[in-house]
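In case you want the letters, here they are:
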Amino acid sequence: MISFQKMLKSIVYISILFLIVSCKQSETQDAEILNATESSSNSEFSDMSIFNLPSAWTNQEGEDIALESLQGKISVMVMIYTSCKAACPRLVADMRNIAKQIPKDKTDQVQYVFVSIDPEVDTPERLKKFAIENQMDSPEWLFLRGTEEDTREFAAVLAMSYKRISPIDFSHSNIISVFNRKGELIHQREGLSVDSKETVAAIQNLLR
Amino acid sequence: MALVKSGKYLPLYGDIDAYVEVSDFYIDTIAVTKAKYLEFLRENPQWRKSNVKGIFADDSYLSSWPEDLDYGDGHPDEPVTNISWFAAKEYCKYQGKRLPTLDEWEYAAMADEKTRDAREKVSYNQYILSWYERPKRGNEIVGSTFKNVWGIYDLHGLIWEWTQDFNSVMIASESRSGGNDTNLFCSAAAVGATDLMNYAAFMRYAYRSSIKGNNTGNNLGFRCAKDGN
C-alpha cells in the first residue's frame, strides 16, 4: 500500500506540474501567434499557415475543397458535430453572435467555418441540412468534413481535444479560432458563451 | 516489433466501468533512435530542421542537433527527442507503420516484467514515479530500462512518447489560459480519475492534454505501431 500521505504529496506535486505546464503553454502560444504575424510579409503563405496542411475536405454542397482556397479571407473556425445536443448548439449560437457584430459590407471578407469531428455521420447532406436548420445556408457559412486522420491533424493544430465517448457522442474542447487571410492563427477563445468581444475585436482588426 | 494481444482495460479517464477494448497490435520494442531518425531525414529533406515548417514543428525541433544531418556528440542509439507529433507521424508512415493510439500505448504500458497489468503493484508505481522525479540524465540509450512481459523496452523510465490521438484527452474544464479555471481544472481532474492510485498515468494524461501537435520537448520521443493480423 502506498501511504495516504505519500499520495497526497504526489497530488500536490501533480497540481504544480499542471500549473507549470499550463503557464508554459500560454507563453508558447503567444510566441507562435507573434511569429505568424511577423512572417506574413510575402504573398506566399508562411510556415505557420494552416494552408500547409495537405488535407482535403468536402463542403456542405458535396464539393471537394482545400484549406488553401480560404486564402484571402479571414476565417473563424470551430469544430463541432451535428448530432451534438449539449455544447455545439451554444457554439453555433456563439458563431452567429460573432457574425452579427461584423459590419454587413464586410461579410464577403469573412468565412465562418465549422469542421466536423464526426466525419462518419456528418455527410455533406447532413451538413447541408444542419446549415439550413440553423439559417446558415449562405456563402459566409462553410461546413467541412475530412478523413478521420485529417480531422485529428487539424485538431492538433488548434490544440483542440476530442474523443468519442459513446456511439453518438463526443467530448470536445470548445475553441473558436480566428485565422488571418494567410491562414495564420491570430486569436483563440475557449469556453462556451464566453464574451465574444475579444474575438470580434480580433476580426475587426484584421478587416482594417 | 512485439505483438501485444487483445484485451480490455480500464483507462484512467472515462466512465467508471467503461472498459476499453484493445485489438491485437504490433509495437516497436524500442523507441526511434537518433541514428534511425537520421536515416529518415536523409530520405525526407522536408523534415530536416532547416526545412521543416513551423506549423509542423516548433523552434525546438531537434534542438540538440548542430546540423540538419548531424545529431552531435550523442550515441546513435539514444532515443530521438525534440520531435513533434507531425514529424513522428510522418516517420511512422514512411516505415509503413503508424503511431500507437493512446489506448494501445497505455494498455502495453500497464505491464511490468511479469504481468500484463501491474498497475496495482506498489513496485510498478514506485518505479515510474521515481523516474518522473529524477531529472533527465540524458545519454541513456534505448533498451536500457526494463523489458516488459510483451517484450517491449523503456515504456517507463527513458522518455515520454507521442501517441496518435494524444489530443483525445479530455480533462474536465480543460484550460490553457490559467486564471480561475485552474482550480477547477486540478480538482475536477482528480475527482474524475477512476483510479486515484494510478497517479503516474495521471501525469501522462496531464502532459498530453497540455501540448500541441507542433510542440517538441527534450524528453519527448516516440515509437511506431501497426495493426495486428
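Residues numbered from 1 in each chain as written. Chains lettered and ligands numbered in written order. Predicted model: local features only at pLDDT ≥ 70, side-chain atom pairs only at ≥ 80, totals over all residues. Heavy atoms only, no water.

1. Regarding the overall build of chain A
Secondary structure assignment for chain A yields 5 helices and 9 strands. Helices (α) and strands (β) of chain A occur, in sequence order from the N terminus, as α-β-β-β-α-β-α-β-α-β-β-β-β-α. Out of the 208 residues belonging to chain A, those deemed buried represent 53%. Sequence-distant contacts in chain A: of pairs separated by 6 or more residues, those separated by 24 or more amount to 68%. Summed over all atoms, the accessible surface of chain A reaches about 10000 Å², with 55% contributed by carbon and sulfur. (Helix = DSSP H or I, 4+ residues; strand = E, 2+ residues; numbered from the N terminus. Buried < 20%, exposed > 50% of the residue type's maximum accessible area, 1.4 Å probe, protein only. Contact = heavy atoms within 4.5 Å. Areas by Shrake-Rupley, 256 points an atom, 1.4 Å probe, with all protein chains shown as cover.)

2. Some words on helix α6 (residues 199–209) of chain B
Each turn of an α-helix holds 3.6 residues, which means side chains three or four residues apart point in the same direction. Summarising burial for α6 of chain B: 10 of the 11 residues are buried, a large majority. If you check which residues of α6 of chain B are buried, you get Y199, A200, A201, F202, M203, R204, Y205, A206, R208 and S209 of chain B.

3. A closer look at the packing of aromatic side chains
Here a ring pair, both rings aromatic, is described through the centre-centre distance and the interplanar angle of the planes. The full count for this structure, using the stated rule, is 26 aromatic pairs over all chains. When the ring of F45 of chain A is compared with that of F51 of chain A, the centres are 5.6 Å apart and the planes differ by 75°; the resulting orientation is edge-to-face. F51 of chain A sits in the buried class, given a relative accessible area of 5%. Ring plane angle 35° and centroid distance 6.3 Å describe the contact between Y107 of chain B and W150 of chain B, whose orientation is recorded as tilted. With a gap of 43 residues between them, Y107 of chain B in helix α3 (residues 102–108) and W150 of chain B in the loop between α4 (122–133) and β5 (160–161) connect regions that are remote in the sequence. Here the two residues Y107 of chain B and W150 of chain B agree in accessibility, since each one is buried. Members of the aromatic cluster, connected to one another through ring pairs, are Y37, F40, W65, Y71, Y91, Y94 and F222 of chain B. (Phe/Tyr/Trp six-rings, centres within 6.5 Å; stacked < 30°, edge-to-face > 60°.)

4. A few points about the nonpolar core
If you look at the biggest cluster of nonpolar residues, it comprises 114 residues, and the most contacted ones within it are F154 of chain A together with Y37, W47, Y61 and F222 of chain B. Excluding its chain neighbours within four sequence positions, the residues that come into contact with Y37 of chain B are V32, W47, Y61, L62, W65, V80, I83, A87, Y91 and F222 of chain B. (Core = buried A, V, L, I, M, F, W, Y, C linked by side-chain atoms within 4.5 Å.)

5. Comments concerning helix α1 (residues 34–43) of chain B
All names here are of chain B. Listed in full, the buried residues belonging to α1 are K34, Y37, L38, F40 and L41. Around the axis of α1, the buried residues are gathered within 160° of arc, so they sit on the same side. Looking at the buried residues of α1, the elements they touch are α2 (85–94). (Arc of directions from axis to C-beta.)

6. What about the sheet that holds strand β4 (residues 25–27) of chain B?
Residue and element names in this part refer to chain B. One open sheet holds the 3 strands; their spatial order is β1-β4-β7, and the pairing between them is antiparallel. Either end of the sheet is taken by a strand with one partner, and the two such strands are β1 (2–4) and β7 (225–227). Averaged over neighbouring strand pairs, the angle between their axes works out to 25° when direction is ignored. Pairing geometry for β4 and β7, over 3 bridges, is antiparallel. The partner of F25 across the bridge, within β7, is D227. (Pairing = 2+ DSSP bridges. Axes fitted to C-alpha atoms, helices over the stretch in contact; angles between N-to-C directions.)

7. Considerations on the confidence of the model for chain B
Residue and element names in this part refer to chain B. The pLDDT averaged across chain B works out to 85; a share of 84% of its residues lies at or above 70. pLDDT under 50 marks residues 172–196. Its contacts with residues more than four places away, or in other chains, come to 45 contacts. Two summary scores accompany this predicted model of the complex, namely pTM at 0.80 and ipTM at 0.74. (pLDDT = per-residue confidence, 0-100.)

8. Some thoughts on the pattern of salt bridges
Counting across every chain of the model gives 21 salt bridges over all chains. E149 of chain A serves as the salt-bridge partner of K93 of chain B, at 3.6 Å between the closest nitrogen and oxygen. With K93 of chain B in helix α2 and E149 of chain A in helix α4 (residues 148–158), this pair bridges two chains. Under the relative-accessibility criterion, E149 of chain A is labelled partly exposed at 38%. Between D28 of chain B and K97 of chain B there is a salt bridge, with its nearest N and O atoms 2.8 Å apart. Placement of D28 of chain B in the loop between β4 and α1 and of K97 of chain B in the loop between α2 and α3 is noted, with a sequence separation of 69 residues between them. Among the residues examined, D28 of chain B registers a relative accessible area of 11% and is labelled buried. Look at K97 of chain B and you get partly exposed, because its relative accessible area is 24%. (Salt bridge = Lys/Arg side-chain N within 4 Å of Asp/Glu carboxyl O.)

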